[in-house]
Amino acid sequence: MPKTYISVLMITAGLLLSGCQSLHKEPDNNLYLQLGERTGIASVVEDLLYLIVDDERINEQFKGMDVAQFHRNLTDQLCELSGGPCEYSGRKMRELHAAMGITDTQFNALAENLILAMEKNHVPTAAQNRLIKQLLPLYPDIRHL
Ligand code: HEM
């Protein structure tokens, strides 16, 4: 077989192989694992709920909500956002928070409580920051900007 054919074949095989590798790349679920998978996230959300109830800056907004539904939906949302095998099936962020008139202080209060809840569950600081970073794109919908 002529040399040029051999090199063309080798390049094609190489391209096909690298294509296959990228197709089979594992999804990045590192953050999900660092949060302790769905059980760990559920525990963070439970502690977050206690902190919300005690926080005068935001607790009025949460009065009368369905606690079990909030817990399940926020757990699924954080699980999905961190690369876990969950699917958020709650309401759309913009519609849900639209009439609440959430201020920056209130948004920050919730983020602060989430960090405290992660601290309590021994989530490493780098993972805490990564989760907060995943939540930032939701800011305009929650603030209704
Ligand atoms: C990063 C910020 C936030 C995220 C990711 C978030 C996410 C969520 C999720 C997933 C739910 C449950 C949805 C459902 O059950 O269909 C929810 C409900 C709720 N959120 Fe937020 N939220 C955020 C910030 C806030 C803030 C700052 C407030 C007010 C101070 C707030 C007030 C509420 C209330 C009152 C509910 C319950 C509504 C109801 O059941 O009628 N949220 N949120």
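Owing to the predicted nature of the structure, the values given are computational and were not obtained by experimental measurement. Here the residue numbers are simple positions, counted from 1 along each chain's written sequence. Per-residue local features of the predicted model are confined to residues with pLDDT of at least 70, and side-chain atom pairs are confined, for both listing and counting, to 80 or more; whole-chain, interface and lining totals are unaffected and use all residues. Side-chain numbers come from the whole structure's heavy atoms, not from hydrogens or water.

A. Summary view of the side chain of Asn113. Secondary structure elements follow DSSP: runs of H or I no shorter than four residues count as helices, runs of E no shorter than two count as strands, and numbering proceeds from the N terminus. In this structure, Asn113 sits in helix α7 (residues 104-120). For every residue, the accessible area (1.4 Å probe, protein chains only) is compared with the maximum for its type, and the residue is labelled buried under 20%, exposed over 50%, or partly exposed between those bounds. A residue is classified by how much of its surface remains accessible, and Asn113, at 4% relative accessible area, is buried. Filtering out sequence-adjacent residues up to four positions away, Asn113 remains in contact with Leu48, Leu51, Asp55 and Ile58. Contacts are assigned to residue pairs that have any heavy atoms within 4.5 Å of one another.

B. Broad picture of the site of the ligand. With respect to spatial proximity, 23 residues lie near the ligand, and among them Gln61, Phe62, Asn73, Arg91 and His97 are the closest. Counted as a polar contact is a pair of N or O atoms within 3.5 Å, where, for protein atoms, one must be capable of donating a hydrogen and the other of accepting one, and residues adjacent in sequence contribute only when both atoms are in side chains. At a separation of 3.4 Å, an oxygen atom of the ligand approaches a polar side-chain atom of Gln69. Contacts to the ligand include His97, whose side-chain N or O atom sits 3.0 Å from a nitrogen atom. Of all the cavities here, the one that holds the ligand is the largest pocket. Contributing elements (two or more residues each) for the shell around the ligand: α4 (59-62), α5 (67-81), α6 (93-97) and α7. If a single non-hydrogen atom of a residue is within 4 Å of a molecule or strand, that residue counts as near it. Here a cavity denotes a set of grid points, spaced 1 Å apart and computed over the protein atoms alone, in which a 1.4 Å probe fits but from which it cannot get out, and a pocket denotes an open set meeting protein on both sides within 12 Å along at least five of seven lines; residues with an atom within 4 Å of a point are reported as lining. Whether a molecule sits in a cavity or pocket is decided by its atoms, more than half of which must lie within 2 Å of the grid points.

C. Spatial organisation of the confidence of the model for the protein chain. Each residue carries a pLDDT value, the predictor's own confidence for that position, ranging from 0 to 100. Overall, the prediction assigns the protein chain a mean pLDDT of 89, with 82% of residues at 70 or greater. Here residues 13-22 is modelled with pLDDT under 50, and outside its nearest four sequence neighbours on either side it reaches zero contacts, counting other chains as well.

D. Up close: the layout of surface pockets. Grid points are joined across faces, edges and corners, and a volume is the space filled by probe spheres set on the points. Here the largest pocket is characterised by a volume of approximately 750 Å³. Surrounding the largest pocket, 30 residues form its lining, Phe62, Phe70, Leu96, His97 and Leu110 being those nearest its centre. Breaking the lining of the largest pocket down by element, the ones donating at least two residues are α4, α5, α6, α7 and α8 (125-135). For the lining of the largest pocket, the element with the most residues is α5, which contributes six residues. Residues of the lining of the largest pocket, tallied by class, amount to 21 nonpolar, seven polar and two charged. Residue polarity follows a fixed list, in which Ala, Val, Leu, Ile, Met, Phe, Trp, Tyr, Cys and Pro are nonpolar, Asp, Glu, Lys and Arg are charged, and the others, Gly among them, are polar.

E. Here's a closer look at the environment of Cys86. Structurally, Cys86 is set in the loop between α5 and α6. On the basis of relative accessibility, which here comes to 14%, the residue Cys86 falls in the buried class. Taking the C-alpha atoms as reference, Cys86 lies 9.0 Å from Thr75; in sequence the two are 11 residues apart. Excluding anything up to four places from it in sequence, Cys86 contacts Arg38, Asp76, Cys79 and Glu80.

F. Region of interest: the nonpolar core. Leu35, Ile41, Leu78, Leu114, Met118 and Leu131 are the most contacted members of the largest nonpolar core, which totals 27 residues. Only α2 (30-34), α3 (37-54), α5, α7 and α8 provide two or more residues apiece to this core. Once residues lying within four places of it in the same chain are set aside, the contact partners of Leu131 are Leu31, Leu35, Leu78, Ser82, Leu114 and Met118. Residues enter a nonpolar core if they are buried and are Ala, Val, Leu, Ile, Met, Phe, Trp, Tyr or Cys, with the set joined through side-chain atoms within 4.5 Å.

G. Here's a closer look at the packing of α3 against α5. Remark: α3 packs on α5, axes separated minimally by 9 Å, with the N-to-C direction vectors making an angle of 130 degrees. The angle between α3 and α5 falls in the class oblique. In this structure, α3 crosses over α5, and the sense of that crossing is right-handed. For the pair formed by α3 and α5, the contact residues are Arg38, Ile41, Ala42, Val45, Glu46, Leu48, Leu49 and Ile52 on the first element and Val67, Phe70, His71, Arg72, Leu74, Thr75, Asp76, Leu78 and Cys79 on the second. Within the contact of α3 with α5, the residues separate by chemical class into 11 nonpolar, two polar and four charged. Note on definitions: angles span 0 to 180 degrees between N-to-C directions of axes, and those axes are lines fitted to C-alpha atoms, for helices only across the stretch in contact. Here is the rule for angles: anything less than 35 degrees is roughly parallel, anything more than 145 is roughly antiparallel, 65 through 115 is roughly perpendicular, and the remaining ranges are oblique. Take the far helix as your reference; a near helix turned counterclockwise from it by less than a right angle gives a left-handed crossing, and one turned clockwise gives a right-handed crossing.

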